[in-house]
Amino acid sequence: MSKSGNRIVLVVVIVIVLIGAATAIWYWGIYLPEEEAKEKARLEQLAQQQAEQKRKEEAAKKKADYDQLIEAADVDFGLENWASAESLYSQALALFPNQQYPQDQLVIVNGKLDEIAEREARIAAGIIETVSEPTGRFYVIISSSLDGDLAMDYASKLSKEGNSVKVVLPHANNKFFHRVAIAEFDSWDQAANSVSSYNTFSDNVWVLKF
């Protein structure tokens with residue numbers, strides 16, 4: 001091969017080498033880093049989307065759990081299952097501490113629980129609570145007596161047996177009778193629906209609003 005031909009071959013080789021080097025530099029130095037950066041950004045965006053989706057799902061589940069707890073607590077509240085209602089409202093409040101509704105309900109429920117604890121303490125001490133002024137509540141009456149001592153003796157006997165009783169004293173609309181109440185409720189329906197539960201105490205169980 002002539003010298004001229006050798007030069008041409010050499011030039012071609014150099015050009016090919018330069019093109020290859022330039023291609024390698026572009027691929028490794030520009031293209032690949034850009035693709036890696038794009039992929040990294042894509043993965044980060046995907047991770048953010050997944051995290052946001054998970055956050056929404058967790059928030060939705062938390063709200064659903066809260067609503068379920070409140071619904072169950074409201075049922076127990078209506079049934080005067082105060083201890084269960086207190087537990088459920090407290091669980092709901094733990095999920096959303098700033099919610100006012102369970103806070104307000106807990107104030108009522110804890111007041112009821114305090115009343116029960118106080119009543120049980122009186123029962124344990126043999127103290128019979130009397131009702132001398134109208135309360136607007138509904139009392140399940142199992143005994144009426146003209147003799148106050150007789151009514152208190154009967155109430156004391158029931159209390160010692162573990163029953164929660166009160167004696168409704170004579171008042172303006174009832175000037176003579178001392179009435180022994182075995183239970184009390186906030187509404188007429190609640191009291192009336194409970195009457196059959198106390199038929200073992202008397203053949204004449206009735207509801208008094210006082």
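Definitions and cut-offs
- Residues numbered from 1 in each chain as written.
- Predicted model: local features only at pLDDT ≥ 70, side-chain atom pairs only at ≥ 80, totals over all residues.
- Heavy atoms only, no water.
- Helix = DSSP H or I, 4+ residues; strand = E, 2+ residues; numbered from the N terminus.
- Rg over C-alpha atoms; globule rule 2.2 N^0.38 Å.
- Buried < 20%, exposed > 50% of the residue type's maximum accessible area, 1.4 Å probe, protein only.
- Polar contact = N/O pair within 3.5 Å; in protein donor to acceptor, adjacent residues only side chain to side chain.
- Contact = heavy atoms within 4.5 Å.
- Salt bridge = Lys/Arg side-chain N within 4 Å of Asp/Glu carboxyl O.
- Pairing = 2+ DSSP bridges.

Looking at the overall build of the protein chain
What the protein chain contains, in helices and strands, is 5 helices and 5 strands. Start at the N end of the protein chain and walk to the C end: the helices and strands fall as α-α-α-β-β-α-β-β-α-β. Over its C-alpha atoms the protein chain spans a radius of gyration of 41 Å, topping by over 25% the 17 Å that the globule rule assigns to 210 residues. Dimensions along the principal axes, computed over C-alpha positions, put the protein chain at roughly 145 × 30 × 30 Å. Taking all 210 residues of the protein chain together, the buried fraction comes to 28%.

Considering the side chain of Glu184
Within the fold, Glu184 resides in strand S4 (residues 178–185). For Glu184, the side chain forms a polar contact with the side chain of Arg137, separated by 2.5 Å. In terms of polar contacts, Glu184 uses its side chain to reach the side chain of Lys166, at 2.3 Å. Setting aside its immediate chain neighbours within four residues, Glu184 contacts Arg119, Arg137, Phe138, Tyr139 and Lys166.

Looking at the environment of Lys157
Counting through the fold element by element, Lys157 comes out in helix H4 (residues 148–160). Note on Lys157: relative accessible area 45%, which makes it partly exposed. Within the structure, the side chain of Lys157 is placed 2.9 Å from the side chain of Glu161, a separation counted as a polar contact.

So, the pattern of salt bridges
Close approach of charged atoms lets side chains of opposite charge pair. Per the counting criterion, the structure on display carries 11 salt bridges. Taking the shortest distance from any N to any O, the salt bridge between Glu39 and Arg42 comes out at 2.8 Å. Highlighted residues: Glu39 and Arg42, both in helix H1 (residues 3–78), separated by 3 residues, approximately one helical turn. Take Arg42: its relative accessible area is 43%, and that puts it in the partly exposed class. Where Lys166 meets Glu129, a salt bridge forms, and the shortest distance between an N and an O atom there is 3.6 Å.

Some remarks on the pairing of S4
Within a regular strand, side chains alternate between the sheet's two faces. When you tally the buried positions in S4, you get 8 out of 8 residues, the bulk of the element. Here strand S2 (residues 138–145) pairs with S4 via 7 bridges, running antiparallel. Residue pairing across strands places Ser145 opposite His178, the latter belonging to S4. Looking at chain direction, strand S3 (residues 166–168) and S4 are connected through 3 bridges and run antiparallel. The partner of Lys166 across the bridge, within S4, is Ala181.

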